[in-house]
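In case you want the letters, here they are:
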Amino acid sequence: SSFEPQAQQTEAEAPRTLPRDAPPSRVVVGRNPRLAPFSPPQKYSIHRGEVQTVQEFGAFVTLEGIARDGLCHVSQLRRAESGQMLQASQIVKPGDRVWCKVLDISWTKQRFFLSLKYCNQDTGEDLDPDQAEHLADLAEKEKQKASRTDQAG
């Protein structure tokens, strides 16, 4: 076997390592949401996504081109039929391809919240383009909350 001396690396070619005290915001590894900068989709935009996990309270959905999963609360998975409340696992399952509308963004918690019920699941059409139904739902929730507070006090 012949011995060939390796050329010395110049400083520019040398492998770079981050200093131990480098802030985590400068480190991006794959899809780790804690390390990637928070860059949510635009509020009220429609996206194609895939259900990742289903919990009692809703489903986490990965949107195409977005580094973090969004949460779709169980109440936003489907329009209620005659007051019927279904469990999230009765509506979606991991791997389902869905259309989602971004309803809200929490910059402090670095999360965003989704709805399937305001999207046509066949075409992706926005079923509530002026947010009238969404705003009416929010007003009804506030009214119910105030009623519970009055009853408790």
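A few points on the structure. (Residues numbered from 1 in each chain as written. Predicted model: local features only at pLDDT ≥ 70, side-chain atom pairs only at ≥ 80, totals over all residues. Heavy atoms only, no water.)

### Overview of the pairing of strand 5 (residues 111–115)
Side-chain positions along a regular strand alternate between the two faces of the sheet.
Piece 1. For strand 3 (residues 69–73) and strand 5, the ladder comprises two bridges, and the chain directions are parallel. Paired with Leu 71 across the two strands is Phe 113, which belongs to strand 5.
Piece 2. Alignment of strand 4 (residues 97–106) against strand 5, held across five bridges, turns out to be antiparallel. For Ile 105, the partnering residue across the bridge sits in strand 5 and is Phe 112.
Piece 3. With antiparallel pairing between neighbouring strands as the criterion, strand 4 and strand 5 make up a hairpin whose turn holds four residues, including Gln 110 at a positive phi of roughly 55 degrees. (Pairing = 2+ DSSP bridges. Helix = DSSP H or I, 4+ residues; strand = E, 2+ residues; numbered from the N terminus.)

### Topic: the layout of surface pockets
Piece 1. Volume-wise, the largest pocket comes out at about 340 Å³.
Piece 2. Lining the largest pocket are 17 residues; nearest its centre among them are Ser 75, Arg 78, Ala 80, Met 85 and Lys 117.
Piece 3. Looking at the lining of the largest pocket residue by residue, the class counts come to five nonpolar, four polar and eight charged.
Piece 4. For the second largest pocket, the calculated volume is near 260 Å³.
Piece 5. Lining the second largest pocket we find 14 residues, and of these Gln 76, Leu 103, Asp 104, Phe 113 and His 134 sit closest to its centre.
Piece 6. Breaking the lining of the second largest pocket down by element, the ones donating at least two residues are strand 3, strand 4, strand 5 and helix 1 (132–152).
Piece 7. Element by element, the count of residues in the lining of the second largest pocket is highest for helix 1, at four residues.
Piece 8. For the lining of the second largest pocket, the class distribution of residues is six nonpolar, four polar and four charged. (1 Å grid on protein atoms, 1.4 Å probe; cavity = no way out; pocket = protein on both sides within 12 Å on 5 of 7 lines; lining within 4 Å. Points joined across faces, edges and corners; volume = space filled by probe spheres on them. Nonpolar A, V, L, I, M, F, W, Y, C, P; charged D, E, K, R; others polar.)

### With respect to empty space enclosed by the protein
The gaps of empty space that remain are located by a probe, the size of a water molecule, rolled over the atoms.
Piece 1. Following the criterion strictly, the structure yields one cavity of 30 Å³ or more and no others.
Piece 2. Its boundaries defined by the atoms lining it, the largest cavity holds a volume of some 30 Å³.
Piece 3. Lining the largest cavity, in full, are Pro 37, Phe 38, Ser 39, Ile 66, Ala 67 and Arg 68.
Piece 4. Its residues placed into classes, the lining of the largest cavity shows four nonpolar, one polar and one charged.

### Overview of the side chain of Arg 68
Piece 1. With respect to the element layout, Arg 68 can be found in the loop between strand 2 (58–63) and strand 3.
Piece 2. Summary of buried charges: Arg 68 has no salt-bridge partner, and the nearest side chain of opposite charge, Asp 69, is 9.4 Å away.
Piece 3. Polar contacts involving the side chain of Arg 68 include one to the side chain of Gln 110, which spans 3.2 Å. (Buried < 20%, exposed > 50% of the residue type's maximum accessible area, 1.4 Å probe, protein only. Lys, Arg positive; Asp, Glu negative; His and termini not counted. Salt bridge = Lys/Arg side-chain N within 4 Å of Asp/Glu carboxyl O. Polar contact = N/O pair within 3.5 Å; in protein donor to acceptor, adjacent residues only side chain to side chain.)

### Quick word on the sheet that holds strand 4
Piece 1. One closed barrel accounts for five strands, arranged 1-2-3-5-4; its pairing is mixed. When strand polarity is set aside, the average angle formed by the axes of neighbouring strands in this sheet is 50 degrees.
Piece 2. As paired elements, strand 1 (residues 46–55) and strand 4 share five bridges and run antiparallel to each other. Each bridged residue has a counterpart across the sheet, and for Arg 48 the counterpart in strand 4 is Trp 99. (Axes fitted to C-alpha atoms, helices over the stretch in contact; angles between N-to-C directions.)

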